[in-house]
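Breakdown of the fold
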Amino acid sequence: ISTPAAIIDTLPALMNAVKMIHTIARYYNTTERMTNLFAKITNQMITNCKECVLEGEESDSLWRKDPLALIKNLKSCIQLNEKYQEQYRTTKETLLSLPKGKQFDFSETLIFGRFDLFCRRVYKLIDMFQT
């Protein structure tokens, strides 16, 4: 299982690969298909975060875990979401400086909405385990 921290390190390469797909691949020349690709990437990140937090165990084992280690893993999930969105926006701004190139004009709500919702739950879990 790759950790959220390890995924953060690959985000620039990931965004570059997605940018190349958007620029070159004929199948992905529509906003809808690119948004779906980003949504699938986001869903995979959420799945990875869940696996990292649960460490391969069932979800009810969460309550038996060491709170300090658990909070560390939960915070890494939040950091992944923040860095992912930051890298997306950096790539989007870079493309804006190249007016003749294809732009990232996708729905950020559709791309990041589920991850933001997941992180709101993570914040609640952190709050519960800290008190």
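Conventions adopted
- Residues numbered from 1 in each chain as written.
- Predicted model: local features only at pLDDT ≥ 70, side-chain atom pairs only at ≥ 80, totals over all residues.
- Heavy atoms only, no water.
- Helix = DSSP H or I, 4+ residues; strand = E, 2+ residues; numbered from the N terminus.
- Buried < 20%, exposed > 50% of the residue type's maximum accessible area, 1.4 Å probe, protein only.
- Contact = heavy atoms within 4.5 Å.
- Areas by Shrake-Rupley, 256 points an atom, 1.4 Å probe, with all protein chains shown as cover.
- Lys, Arg positive; Asp, Glu negative; His and termini not counted.
- Charge placed at Lys NZ, Arg CZ, Asp CG, Glu CD.
- Phe/Tyr/Trp six-rings, centres within 6.5 Å; stacked < 30°, edge-to-face > 60°.
- Lys NZ or Arg CZ within 6 Å of the ring centre and 35° of its normal.
- Patch = residues over 30% accessible without salt bridge, like charges linked within 9 Å, V, L, I, M, F, W, Y side chains within 5 Å.
- Salt bridge = Lys/Arg side-chain N within 4 Å of Asp/Glu carboxyl O.
- Expected span 1.5 Å × (residues − 1).
- Core = buried A, V, L, I, M, F, W, Y, C linked by side-chain atoms within 4.5 Å.

**Considering the overall build of the protein**
From N to C terminus, the protein includes four helices and zero strands. Walking the protein from its N terminus toward its C terminus, one meets helices and strands in the order α-α-α-α. Looking at the 131 residues of the protein, the share that counts as buried comes to 37%. Long-range pairs, those at least 24 residues apart, make up 73% of the contacts in the protein between residues at least 6 apart in sequence. Total accessible area on the protein is roughly 8100 Å²; 55% of this is exposed by carbon and sulfur atoms. Computed over 18 positive and 15 negative side-chain charges, the separation of the two mean positions in the protein equals 7 Å.

**A word on the packing of aromatic side chains**
Applying the stated criterion across every chain, the model contains 10 aromatic pairs. For the ring pair Trp-63 and Phe-129, a centre distance of 5.4 Å and an interplane angle of 20 degrees mean the geometry is stacked. Of this pair, Trp-63 sits in the loop between α2 (31-54) and α3 (67-96) while Phe-129 sits in helix α4 (residues 108-130), and the two are 66 residues apart along the sequence. Pairwise contacts between aromatic rings join Phe-38, Tyr-84, Tyr-88, Phe-104, Phe-106 and Phe-112 into one cluster. One cation-aromatic arrangement involves Arg-33 over Tyr-27; the distance from NZ or CZ to the ring centre is 3.9 Å.

**Some details on a positive patch on the surface**
Taken together, the side chains of Lys-50, Arg-114, Arg-120, Arg-121 and Lys-124 present a region of like positive charge at the surface. Ranked by residues supplied to the positive patch, first place goes to α4 with four residues. Along the polypeptide, Arg-114 turns up in helix α4.

**Regarding the environment of Gln-130**
Residue placement: Gln-130 occurs in helix α4. Between the C-alpha atom of Gln-130 and that of Ile-71, which follows or precedes it by 59 residues, the distance is 8.0 Å. Apart from residues lying up to four places away in sequence, Gln-130 is in contact with Ile-71 and Lys-75.

**With respect to α4**
Three or four residues apart is the spacing at which side chains of an α-helix point the same way, because the helix has 3.6 residues per turn. Under the 1.5 Å per step criterion, the end-to-end length of α4 is 31 Å for 23 residues, consistent within 8% with the ideal 33 Å. Of all the residues in α4, the buried ones are Ile-111, Phe-112, Phe-115, Phe-118, Cys-119, Val-122, Leu-125, Ile-126 and Phe-129. On its buried face, α4 sits against α2 and α3.

**Observations regarding the nonpolar core**
Phe-38, Tyr-84 and Phe-115 are the most contacted members of the largest nonpolar core, which has 35 residues in total. For this core, the secondary structure elements donating two or more residues are α1 (4-24), α2, α3 and α4. With sequence-adjacent residues up to four places away left out, Phe-38 is seen in contact with Met-15, Val-18, Tyr-84, Tyr-88, Phe-104, Phe-106 and Ile-111.

Any functional reading would require information that these geometric values do not contain.
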